[in-house]
Amino acid sequence: MISRSLACRRIVPSLRNGSRSSLSKCGGCWGYTSQAASSLLQACDPSVYSTRKEEDEYADVDWDNLGFGLMPTDYMYQMKCTQNGTFEQGQVRPYGNIELSPSAGVLNYGQGLFEGLKAYRKENGGLLLFRPDQNAIRMMVGADRMCMPAPSVEQFVDAVRETALANKRWVPPPGKGSLYIRPLLMGSGPILGLAPAPEFTFLIYSSPVRNYFKEGTAPLSLYIEEEFDRASRGGTGGVKTITNYAPVLKALARAKSRGFSDVLYLDSVDKKNLEEVSSCNIFVLKGNVISTPATNGTILSGITRKSIIEISRDLGYQVEERAIPVEELMEAEEVFCTGTAVVVASVGSVTYKDKRIEFRTGAETACRRLYDILVGIQMGHIEDKYGWVVEIN
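Given the structure is predicted, the values throughout are model-derived calculations rather than measurements.

Undergrad: It is not clear to me how unusual backbone geometry should be interpreted in this structure. Could you clarify?
TA: The residue lysine 271 is not glycine, and still its phi comes out positive at about 55°. Counting through the fold element by element, lysine 271 comes out in the loop between strand 10 (262–266) and strand 11 (274–277). On the accessibility criterion, lysine 271 (25% relative accessible area) is partly exposed. Residue valine 343 is not a glycine yet carries a positive backbone phi of 65°. Looking at the secondary structure, you find valine 343 in strand 16 (residues 343–352). Judged by its relative accessible area of 11%, valine 343 falls in the buried class.

Undergrad: Whenever I open this one, the side chain of serine 346 confuses me. Can you help?
TA: With respect to the helices and strands, serine 346 occurs in strand 16. Leave out the neighbours within four places in its chain, and serine 346 touches Ala218, Pro219, Leu220, Val335, Phe336, Arg360, Thr361 and Cys367.

Undergrad: I'm lost on the environment of serine 312 in this one. Help?
TA: Relative to the helices and strands, serine 312 resides in helix 7 (residues 303–314). Between the C-alpha atoms of serine 312 and isoleucine 290, which are 22 residues apart in sequence, the distance is 8.0 Å. Discounting chain neighbours no more than four positions away, the residues touching serine 312 are Ile290, Tyr317, Val319 and Leu370.

Undergrad: What exactly am I supposed to notice about the pattern of salt bridges here?
TA: Side-chain pairs of opposite charge can arise whenever the charged atoms involved come near each other. Per the counting criterion, the structure on display carries 19 salt bridges. Arginine 230 is the partner of glutamate 276 in a salt bridge, and the nearest nitrogen-oxygen pair spans 3.5 Å. Of the two residues, glutamate 276 sits in strand 11 while arginine 230 sits in the loop between strand 9 (220–225) and helix 6 (249–257), which places them 46 residues apart along the sequence. One continuous salt-bridge network, built from bridges that share partners, spans Glu225, Glu227 and Arg254.

Undergrad: Would you mind showing me how to read the packing of aromatic side chains here?
TA: Each aromatic ring pair is summarised here by two numbers: the centre-to-centre distance and the angle between the ring planes. Using the criterion set out here, one finds 12 aromatic pairs in the structure. A centroid spacing of 6.1 Å and a plane angle of 65° characterise the contact between tyrosine 58 and tryptophan 63, whose relative ring orientation is edge-to-face. The exposure class of tyrosine 58 is partly exposed, given its relative accessible area of 26%. Ring geometry for tyrosine 77 versus phenylalanine 202: centroids 6.5 Å apart, planes at 70°, classification edge-to-face. One end of the pair, tyrosine 77, is in strand 2 (residues 75–81); the other, phenylalanine 202, is in strand 8 (residues 200–209), and 125 residues separate them in sequence.

Undergrad: Would you take a moment to explain the side chain of asparagine 281 for this structure?
TA: Following the sequence through the fold, asparagine 281 ends up in strand 12 (residues 281–286). By relative accessible area, which is 5% here, asparagine 281 ends up buried. A polar contact of 3.1 Å, which involves the side chain of asparagine 281, links it to the backbone oxygen of leucine 300.

Undergrad: Teacher, can you tell me more about helix 6 here?
TA: Residues separated by three or four positions in an α-helix point in the same direction, a consequence of the helix having 3.6 residues per turn. Within the span of helix 6, buried status applies to Ala251, Leu252 and Ala255. Each buried residue of helix 6 lies within a common arc of 100° when the element is viewed along its axis, so the set occupies one face. Exposed and oriented more than 90 degrees from the buried face of helix 6 are Leu249, Lys250 and Ser257. Next to the buried residues of helix 6 lie strand 9 and strand 10. Looking one or two residues past helix 6, glycine 259 carries a phi angle of roughly 95°, positive in sign.

Undergrad: For this particular structure, what's the right way to read helix 7?
TA: The end-to-end C-alpha distance of helix 7 is 17 Å, a good match for the 16 Å that 12 residues give at a rise of 1.5 Å each. Residues of helix 7 that are buried include every one of Ile303, Thr304, Arg305, Ser307, Ile308, Ile309, Ile311 and Ser312, and no others.

Undergrad: Is there a simple way to think about the layout of surface pockets in this case?
TA: Remark: the empty space left among the atoms is shown by a probe the size of a water molecule rolled over them. In this structure, the largest pocket occupies an estimated 710 Å³ of space. The computed volume of the second largest pocket comes to approximately 610 Å³. Along the wall of the second largest pocket there are 31 residues; nearest its centre are Asn211, Thr217, Val343, Val344 and Tyr371. Only strand 5 (117–121), strand 16 and helix 9 (366–378) provide two or more residues apiece to the lining of the second largest pocket. Per-element tally for the lining of the second largest pocket: the top contributor is helix 9, with 7 residues. Residue composition of the lining of the second largest pocket, by class: 15 nonpolar, 12 polar and 4 charged.

Undergrad: Please clarify how the packing of helix 7 against helix 9 should be interpreted in this entry.
TA: Between helix 7 and helix 9, whose axes approach to 10 Å, the crossing angle comes to 115°. As the angle between them shows, helix 7 and helix 9 are arranged roughly perpendicular. The handedness of the crossing between helix 7 and helix 9 is right-handed. Along the contact surface, helix 7 presents Thr304, Ser307, Ile308, Ile311 and Ser312, while helix 9 presents Leu370, Ile373, Leu374 and Ile377. For the contact of helix 7 with helix 9, the residue count by class is 6 nonpolar, 3 polar and no charged.

Definitions and cut-offs
- Residues numbered from 1 in each chain as written.
- Predicted model: local features only at pLDDT ≥ 70, side-chain atom pairs only at ≥ 80, totals over all residues.
- Heavy atoms only, no water.
- Helix = DSSP H or I, 4+ residues; strand = E, 2+ residues; numbered from the N terminus.
- Buried < 20%, exposed > 50% of the residue type's maximum accessible area, 1.4 Å probe, protein only.
- Contact = heavy atoms within 4.5 Å.
- Salt bridge = Lys/Arg side-chain N within 4 Å of Asp/Glu carboxyl O.
- Phe/Tyr/Trp six-rings, centres within 6.5 Å; stacked < 30°, edge-to-face > 60°.
- Polar contact = N/O pair within 3.5 Å; in protein donor to acceptor, adjacent residues only side chain to side chain.
- Arc of directions from axis to C-beta.
- Expected span 1.5 Å × (residues − 1).
- 1 Å grid on protein atoms, 1.4 Å probe; cavity = no way out; pocket = protein on both sides within 12 Å on 5 of 7 lines; lining within 4 Å.
- Points joined across faces, edges and corners; volume = space filled by probe spheres on them.
- Nonpolar A, V, L, I, M, F, W, Y, C, P; charged D, E, K, R; others polar.
- Axes fitted to C-alpha atoms, helices over the stretch in contact; angles between N-to-C directions.
- Parallel < 35°, antiparallel > 145°, perpendicular 65-115°, else oblique.
- Left-handed = near helix turned anticlockwise from the far one by under 90°.

These results come straight from atomic positions and should not be treated as a statement about function.
So, in C-alpha cells, the structure goes:
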C-alpha cells in the first residue's frame, strides 16, 4: 500500500485536465499522459523479484563507511513513450546496461533530463519518500522545455515507489544514509537532423548513499567562479537537463585541485549577483533575514530549497527570494547550501578575488536547526505537518 501524506490525487486531475491544451506537441509524443496506478502495478511482473534474497533484510554493505558513489542495486525501472504518444506500462527489471542507437537524440543532441530523490528507512522497517510529486512536476516542466513527453505525476510516483520497494534491502539502516533514486527521461530514438527524438525512454535506477561532500558534515569552502558561467538568460539553467552539468566540470575540477569543496557561480550578464553552486542552491543569513537568489530562469527550483524556505518562515525568519550581490554575501553571518544530495550543508568560507571570508558554523546555527528539522521530517522522527512524506510498505 502507498500512503500519500501529500495528496497527489488532487494534483494529478488539474494537470491532466489543463496541460495538453496549453502545450505543444514535440516529436510526435504528447507529454503529461497518465495511467491508473493499478495498471502500473500490474505491469511490474512479480516474477522479476524471484531471484531476490527475500531472507536478506540488508544487502552486504559496510553502512558505516558509505559515501556518495555509485553502488548498483538489484533492479531498475523502465518505461517508453509509444508511437501513439503515451507511455506504455512500465516494468521493474534487473539492473543492467541499456541499448541505444548511436544516433539516439540523447547522445547526439543532449535531449535528456534527470531527477534525484531519496528513500529513507524507518525504525519499523518501512520506507519514506520525500515530496516525490514535486520531482514529477519539475520533470514535466523540464520536458516541455526540452520538447519531450513526460510521465504523469501518478506514473512518476508509482515508478519511484516500485523502484524503492524492489531495492529495499539496499536502503541503509536508519541514520546510516538513504537510497538515492535517479529518474531519467531521454530521447532514445534515432535522429540525424536537429529535431526531437521519435522515441523517449523513462528510466529509474538507485544507489545507497550517505554524505555528498567528502568533508561529510564539516563546513564547506566555496570558490566564486568568474571565468565560467553555469547558465545564461533564456537558456536551460532553470530546468534539470543533463546539458547543465558537464559544462561545470572544468571549473569544479579546478576549484577542487585548489582545495575548495565546490564552485559558487555568478550571473552571466553582470557577474555581480549570486546564482547557485554546481549542484545545489545557496542561502545567506544576516540577522533574522534569510535570502536566496530568485529562480528567474537561470537557477534550478530545488525541492529542498522550497522546503527550507517554508520551514524557515514557520520558524519566524524573514525569507527573501531576490538578486543577491556578491558584496552582500561577504557581509553575511551564515551561508548554507541546499539540495537533494547535499540536504542542508553549512558553508564555512567563501573565497572571492583571493579574499577569504569565514562564516558562523556549528551546533547553534540556523543552518543546523533547519537541517535537523528537515531530516527529522524526511526520516519520520518529526511530525510531518506539511504533508510532504509519502510512506510505502
